[in-house]
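# Structural overview
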There are 2 protein chains.
Amino acid sequence: MYFIGVDIGGTGVQAGIVNESGNILFRKECTTNVNSGFESVMDDINTLVRELIKENNLNMDDIKSIGFGVPSFINKSGLVTCVNLGWHEVDFMQALKSRFPDVSVYAENDATVAALGEAKFGSMKDKNIAVMYTLGTGVGGGIIINGKAFTGANGMGSEIGHTVIGENYFNCNCGNNGCLETFCSATAIIKHAQKLIEEGKNSKILELAENNLQNINAKMVFDAYRENDVVALETINRFKSYLAKAMSGMINTLDPDVISIGGGVSRASDIILDGIEDLIRQQILYKKEDFAEIVCANLGADAGIIGAAFLN
Amino acid sequence: MYFIGVDIGGTGVQAGIVNESGNILFRKECTTNVNSGFESVMDDINTLVRELIKENNLNMDDIKSIGFGVPSFINKSGLVTCVNLGWHEVDFMQALKSRFPDVSVYAENDATVAALGEAKFGSMKDKNIAVMYTLGTGVGGGIIINGKAFTGANGMGSEIGHTVIGENYFNCNCGNNGCLETFCSATAIIKHAQKLIEEGKNSKILELAENNLQNINAKMVFDAYRENDVVALETINRFKSYLAKAMSGMINTLDPDVISIGGGVSRASDIILDGIEDLIRQQILYKKEDFAEIVCANLGADAGIIGAAFLN
């Protein structure tokens, strides 16, 4: 029996046929034609999945379920609103069911799906209580309990990027002040490095960005950190301090077996993991006890396809 | 079949025989002789439970299980450290098992136990995902998922009073700054009212406290709030604002079906609940969606006995 996972993004859709061991056997992708509208995008996805099955000499009967990751929240009525895709309260679940009437279909937020992939076959494998922080442009997350995505009573859970953990010098896009996303996203790292440079601190980062503040990306800040650049040190240490604060709160609340860090920022895993457990131990309530293993995600972008395939 | 719940406190131990409907049929209590030491307190508890059974013409065979609530954390080895009881890494679970070898015994933190009681038979009855904040001298909490206390991989979970939600003008006893406990406990309310009065603001609270700042308690602040006292208004509004912030983070994370507020502070339930849902809606990520019902606990001190009885 096979599973299909589909990762729907703002620029492309990735689909894969996955076996029971979590290996992606076959892949296919298409462009997300956002401008053509919701129904058209759904038709493209339908074609993509059916071609993927056919090209690999399989039938729909061979497929146990199809799971979808969307860069958005799916409410309990199955409606999706997603600015990046130009969708406003579209009936996503109904659109799936009408196109795939003969197979079980499931869908979840993409960060939650990635966490499920990591919990099934990646950095959080075989752990009962697994939490993933996806640090990218924003901060997403996923809570996996006993191998299932935990999204709460109304499907709104796992949005751990919008946990308030302090006070910050700028507000979050969500309207609050102090969200984890404003301290620990790539955007937050870039913004803080820009701020320090604007305040007059010298930094190699500006050189890496060809003297244009707007060119700064998170990788440049991590690269400069490796060379002991003062702005990078201050920025990354602040980032790690708040990440540890968020994780300490998570440990005091859910006490997971493992916490994984994913998303683009996690490429600097050596810097992020270095000393993070000490920072957490200083802040958790029961300082003498064992706490969650802190790891970085290891499935990369495949977590989206693999996790989607195992939604149920 | 009957269940026994035992609520161990710093001054007294309350035990009750509970039926399957959550009614406490018989009760008995004894003093906690802290100075006599751990083994002696455990002997007193043994005697208390056995007398409770005997006096009501029951046998140990009639008892399905005995559960205990302790004002402390129980680590995964069964060890308890509790300053109030003078216990330092005592082998609590072993002490229970040796005294009650013929019946199943369970134990949990008292705030978690109270949450279980409220989830089984009180303000959070029949809800799958239930979270309780216990607002007293400190802030405790309990997370109940599908009728079971959720305390995580190492039993450290549910300590939601030590979630950092902002920055405060004094540090928490745990060593961190910005814990929920420093904004929303009775202690926090008293401290903030005292601060405003010390800064020179006139207040009826001082009159209620017979002109002695040290006499102020949380009830006085709530009473003065009802009379539109400026210090009380500022203090209680700040308390509610941070409580809503904590609950918003909980909704973004676990999206529970219900959140209950217990502990001594919850006696002013009319003031606390008034407008709290609006404050939460302003801060949660998905502002248009249904979210957890916000209620106040309704079992009072009995939640400790009832919840303990249904630990498993």
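A brief look at the structure comes next. These numbers were taken from a predicted model, which means no experiment stands behind them.

Summarising the element assignment, A:T112 is placed in helix α3 (residues 110-121). With residues up to four places along the chain from it excluded, the contact list for A:T112 reads A:G141, A:G142, A:I144, A:A149, A:T151 and A:S158.

Below, the discussion takes up the pairing of strand β9 (residues 129-135) of chain A. Residue and element names in this part refer to chain A. Taken across its seven residues, β9 has seven buried, putting it largely inside the fold. Residues I129, V131, Y133 and L135 of β9 are buried on one face, and the alternating residues A130, M132 and T134, pointing to the opposite face, are buried as well. Relative to strand β10 (residues 139-145), β9 runs antiparallel, the two being bridged by seven bridges. Along β10, the bridge assignment pairs L135 with V139. Where β9 hands over to β10, the hairpin turn is made up of three residues, counted between the paired strands. Looking at chain direction, β9 and strand β12 (residues 258-262) are connected through five bridges and run parallel. Among the inter-strand pairings, M132 is bridged to a residue of β12, identified as S260.

In this section: empty space enclosed by the protein. Enumeration according to the criterion identifies six cavities of 30 Å³ or more in this entry. Size it by volume and the largest cavity reaches roughly 270 Å³. Taken together, 21 residues form the lining of the largest cavity, with A:T163, A:G249, A:T253, B:T163 and B:T253 sitting closest to its centre. Of the voids in this model, the second largest cavity is the one considered here, and its volume is about 50 Å³. Contributing to the lining of the second largest cavity are A:F73, A:I74, A:E108, A:N109, A:T112, A:T151, A:G155, A:M156, A:G157, A:S158, A:E159 and B:Y286. Here the residues of the lining of the second largest cavity sort into four nonpolar, six polar and two charged.

Once that is clear, we can look at the interface of chain B and chain A. If you look at the interface, chain B gives 46 residues, while chain A gives 46 residues. Interface area, chain B with chain A, both sides summed: about 3,800 Å², of which 57% is carbon and sulfur. Of all residues in chain B, B:M156, B:T253 and B:Y286 give up the largest surface area on contact with chain A, accounting jointly for 17% of the area buried on that side. Our count for the chain B to chain A interface comes out at three salt bridges. The salt bridge involving A:D290 is made with B:K76; its shortest N-O contact spans 3.5 Å. Listed by contribution, the elements that provide at least two residues to the side of chain B that touches chain A are β7 (87-91), β10 (139-145), α8 (230-253) and α10 (276-283) of chain B.

With that settled, consider the packing of helix α1 (residues 38-55) of chain B against helix α2 (residues 92-99) of chain B. All names here are of chain B. Viewed as axis vectors pointing N to C, α1 and α2 meet at an angle of 40°, and their least axial separation amounts to 11 Å. Considering the angle they form, α1 stands oblique to α2. Considering the relative orientation of α1 and α2, their crossing is right-handed. Here F38, E39, M42, D43, N46 and R50 of α1 come into contact with α2, specifically with F92, A95, L96 and R99. By residue class, the composition of the contact of α1 with α2 is five nonpolar, one polar and four charged.

The way to describe two aromatic rings as a pair is by their centre distance and the angle between their planes. Residue and element names in this part refer to chain A. Summed over all chains, the structure comprises 20 aromatic pairs over all chains. Geometrically, the ring pair formed by F183 and Y242 is stacked, given 3.7 Å between the ring centres and 10° between the ring planes. Of this pair, F183 sits in helix α4 (residues 181-184) while Y242 is found in helix α8 (residues 230-254), placing the two residues 59 residues apart along the sequence. Here the aromatic residues F38, F68, W87, F92 and F100 are joined through ring pairs into a cluster of three or more. Note that K191 overlies the ring of F170, its terminal NZ or CZ placed 4.5 Å from the centroid.

Residue and element names in this part refer to chain B. Positive phi values are uncommon outside glycine, yet E210 reaches one of about 50°. Summarising the element assignment, E210 is placed in the loop between α6 (204-208) and α7 (218-226). In this structure, N211 is a non-glycine residue whose phi angle is positive, near 60°. Summarising the element assignment, N211 is placed in the loop between α6 and α7. You can call N211 exposed: its relative accessible area is 64%.

Residue and element names in this part refer to chain B. One can find K219 in helix α7. K219 gets classed as exposed once you look at its relative accessible area, which sits at 58%. Between the C-alpha atoms of K219 and F3, which are 216 residues apart in sequence, the distance is 35 Å.

Moving on, we come to the sheet that holds strand β5 (residues 73-74) of chain A. Residue and element names in this part refer to chain A. Strand order across the open sheet formed by three strands is β5-β6-β7, with antiparallel pairing between neighbours. Where the open sheet ends on each side, the last strands, each with one partner, are β5 and β7 (87-91). Looking at chain direction, β5 and strand β6 (residues 79-82) are connected through two bridges and run antiparallel. Looking across to β6, one finds that I74 is bridged to V80. The sheet strands contacting helix α2 (residues 92-99) are β5, β6 and β7, and the helix crosses β7 at an angle near 50°.

This brings us to the relation of the copies chain B and chain A. Of the transformation superimposing chain B on chain A, the axial component is 0.0 Å and the angular component is 180°, with the fit at an RMSD of 0.0 Å. The relationship between the two copies is best expressed as a two-fold rotation axis. Relative to the rotation axis, the C-alpha of B:G166 is the closest in chain B, positioned 2.0 Å from it. Mapped onto chain A, 100% of the interface residues of chain B are again interface residues, and the two copies thus contact each other with one and the same surface.

Definitions and cut-offs
Residues numbered from 1 in each chain as written. Chains lettered and ligands numbered in written order. Predicted model: local features only at pLDDT ≥ 70, side-chain atom pairs only at ≥ 80, totals over all residues. Heavy atoms only, no water. Helix = DSSP H or I, 4+ residues; strand = E, 2+ residues; numbered from the N terminus. Contact = heavy atoms within 4.5 Å. Buried < 20%, exposed > 50% of the residue type's maximum accessible area, 1.4 Å probe, protein only. Pairing = 2+ DSSP bridges. 1 Å grid on protein atoms, 1.4 Å probe; cavity = no way out; pocket = protein on both sides within 12 Å on 5 of 7 lines; lining within 4 Å. Points joined across faces, edges and corners; volume = space filled by probe spheres on them. Nonpolar A, V, L, I, M, F, W, Y, C, P; charged D, E, K, R; others polar. Buried area = accessible area lost by both parts, 1.4 Å probe. Salt bridge = Lys/Arg side-chain N within 4 Å of Asp/Glu carboxyl O. Axes fitted to C-alpha atoms, helices over the stretch in contact; angles between N-to-C directions. Parallel < 35°, antiparallel > 145°, perpendicular 65-115°, else oblique. Left-handed = near helix turned anticlockwise from the far one by under 90°. Phe/Tyr/Trp six-rings, centres within 6.5 Å; stacked < 30°, edge-to-face > 60°. Lys NZ or Arg CZ within 6 Å of the ring centre and 35° of its normal. Least-squares fit on C-alpha atoms with pLDDT ≥ 70 in both.

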